[in-house]
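Structural overview for review
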Amino acid sequence: MERNRSVQKSGRKPSGAAVQSAELTEALYRAFFEEWAERGFAAISLERVAARAGAGKAAIYRRFASHQEFAVAAVTALGLTMAMPEDHGSLEADVLSFLTRLRAVLRHPMIRRILPDLHAEAARSASMRDLNTQVAKARREQAQVILDRAIARGELDRDVDRDLALDLLPAPLYWRMVVLGTTPTRGQLATEAVAIVAAMKGSAGLR
């Protein structure tokens, strides 16, 4: 009872057993991303991450042995999924819906700051390179549904170069938003969708 009163008086968030484990872990993940976006991966302080999450530093070390292990867990839990568009009736419409969703993800200021740093760290660290590859692989596996629908409709040949098609889906938008730092309009997204579909169809039989 004395402990409960002291927590109420201080106004501090309860930590450890007072917070459900899953909720605390998610809070730690989000605090980790915030720290990463503000300072870069190399300058992440686990003490600051714990403070952001309203937890003690021990809460991190009970879960993760290193920054890299923390990063892998956080990205795996919160950073790999992007809902694929429902069937819009045509490949072009599906691609446009995909680009619209991807634009929304890439417009998030935290994500726009983390992604370039992730790529830079991947060039210096084997473990971060593995994480970068894991993120890319998960996104590509999700996007397969768009190709499968197009093949089922007869819009794409079954021998379409899937690897190239999956490269084409995000590449122009990623270049504009992450590399160049610009956000395309809805009309520009529609133009990209037309160009991507044409390139996908042209890739059949090229391998």
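Presented here is a report on the structure given in the accompanying data block. (Residues numbered from 1 in each chain as written. Predicted model: local features only at pLDDT ≥ 70, side-chain atom pairs only at ≥ 80, totals over all residues. Heavy atoms only, no water.)

Counting 28 residues, the largest nonpolar core has Leu28, Phe32, Trp36, Ile60 and Phe70 as its most contacted members. For this core, the secondary-structure elements that each account for two or more residues are helix H2 (21-39), helix H3 (46-52), helix H4 (57-61), helix H5 (67-78), helix H7 (109-124) and helix H8 (126-153). Take this core: its biggest share by element is eight residues, from H2. Not counting residues up to four positions away in its chain, the partners in contact with isoleucine 60 are Leu28, Leu46, Val49, Ala50 and Phe70. Counting 27 residues, the second largest nonpolar core, distinct from the first, contains Leu99, Ile146, Ile151 and Val160. (Core = buried A, V, L, I, M, F, W, Y, C linked by side-chain atoms within 4.5 Å. Buried < 20%, exposed > 50% of the residue type's maximum accessible area, 1.4 Å probe, protein only. Helix = DSSP H or I, 4+ residues; strand = E, 2+ residues; numbered from the N terminus. Contact = heavy atoms within 4.5 Å.)

Before going further, it helps to spend a moment on the pattern of salt bridges. On inspection of all chains with the given rule, the structure shows 17 salt bridges. Arginine 52 serves as the salt-bridge partner of glutamate 38, at 2.6 Å between the closest nitrogen and oxygen. Of this pair, glutamate 38 sits in helix H2 while arginine 52 sits in helix H3; the two residues are 14 residues apart in sequence, bridging distant segments of the chain. When its relative accessible area of 45% is taken as the criterion, glutamate 38 is described as partly exposed. Three or more residues joined by partner-sharing salt bridges are found here, namely Glu34, Glu35, Glu38, Arg39, Arg48 and Arg52. (Salt bridge = Lys/Arg side-chain N within 4 Å of Asp/Glu carboxyl O.)

Moving on, we get to a nonpolar patch on the surface. A grouping of Trp175, Val179 and Leu180 is seen on the molecular surface, where their side chains present a nonpolar patch of about 330 Å² in accessible area. Mapped onto the elements, leucine 180 comes out in the loop between helix H10 (171-179) and helix H11 (186-202). Look at leucine 180 and you get exposed, because its relative accessible area is 51%. (Patch = residues over 30% accessible without salt bridge, like charges linked within 9 Å, V, L, I, M, F, W, Y side chains within 5 Å. Areas by Shrake-Rupley, 256 points an atom, 1.4 Å probe, with all protein chains shown as cover.)

Their axes nearest at 10 Å, the elements H10 and H11 cross at an angle of 145 degrees. Mapping the contact onto sequence places Pro172, Leu173 and Arg176 in H10 and Gln188, Leu189, Glu192 and Ile196 in H11. Of the residues contributing to the contact of H10 with H11, the split by class is four nonpolar, one polar and two charged. (Axes fitted to C-alpha atoms, helices over the stretch in contact; angles between N-to-C directions. Nonpolar A, V, L, I, M, F, W, Y, C, P; charged D, E, K, R; others polar.)

A word on the packing of H5 against H8. Orientation of H5 relative to H8, taken along the N-to-C sense of each, is 5 degrees, at an axis distance of 10 Å. Relative to H8, H5 is oriented roughly parallel. Here H5 contributes Gln68, Ala71, Val72, Val75 and Thr76 to the contact with H8, which in turn contributes Ser127, Met128, Leu131, Gln134 and Val135. Of the residues contributing to the contact of H5 with H8, the split by class is six nonpolar, four polar and no charged. (Parallel < 35°, antiparallel > 145°, perpendicular 65-115°, else oblique.)

Moving on, we get to the packing of aromatic side chains. All told, the structure shown has eight aromatic pairs when counted by the stated rule. With centroids separated by 6.4 Å and ring planes inclined at 75 degrees, the aromatic side chains of phenylalanine 32 and phenylalanine 41 adopt a geometry described as edge-to-face. For the pair shown, phenylalanine 32 and phenylalanine 41 are each scored as buried. Measuring from centroid to centroid gives 4.3 Å for phenylalanine 32 and phenylalanine 70, while their planes differ by 25 degrees, and the two rings are stacked. A residue pair is termed long-range when its members are at least 10 positions apart, and phenylalanine 32 in helix H2 and phenylalanine 70 in helix H5 qualify at 38 residues. You'll find phenylalanine 32 and phenylalanine 70 in the same group, each marked buried. (Phe/Tyr/Trp six-rings, centres within 6.5 Å; stacked < 30°, edge-to-face > 60°.)

Now for the environment of alanine 73. One can find alanine 73 in helix H5. The spacing of alanine 73 and leucine 131 is 58 residues in sequence and 9.7 Å in space, taken between C-alpha atoms. With residues up to four places along the chain from it excluded, the contact list for alanine 73 reads Tyr29 and Phe64.

Turning to the environment of arginine 101, a few remarks are in order. Looking at the element boundaries, arginine 101 is found in helix H6 (residues 91-106). For the pair arginine 101 and alanine 83, spaced 18 residues apart in sequence, the C-alpha to C-alpha distance is 8.1 Å. Of note is the side chain of arginine 101, whose polar atom sits 2.8 Å from the side chain of glutamate 86. (Polar contact = N/O pair within 3.5 Å; in protein donor to acceptor, adjacent residues only side chain to side chain.)

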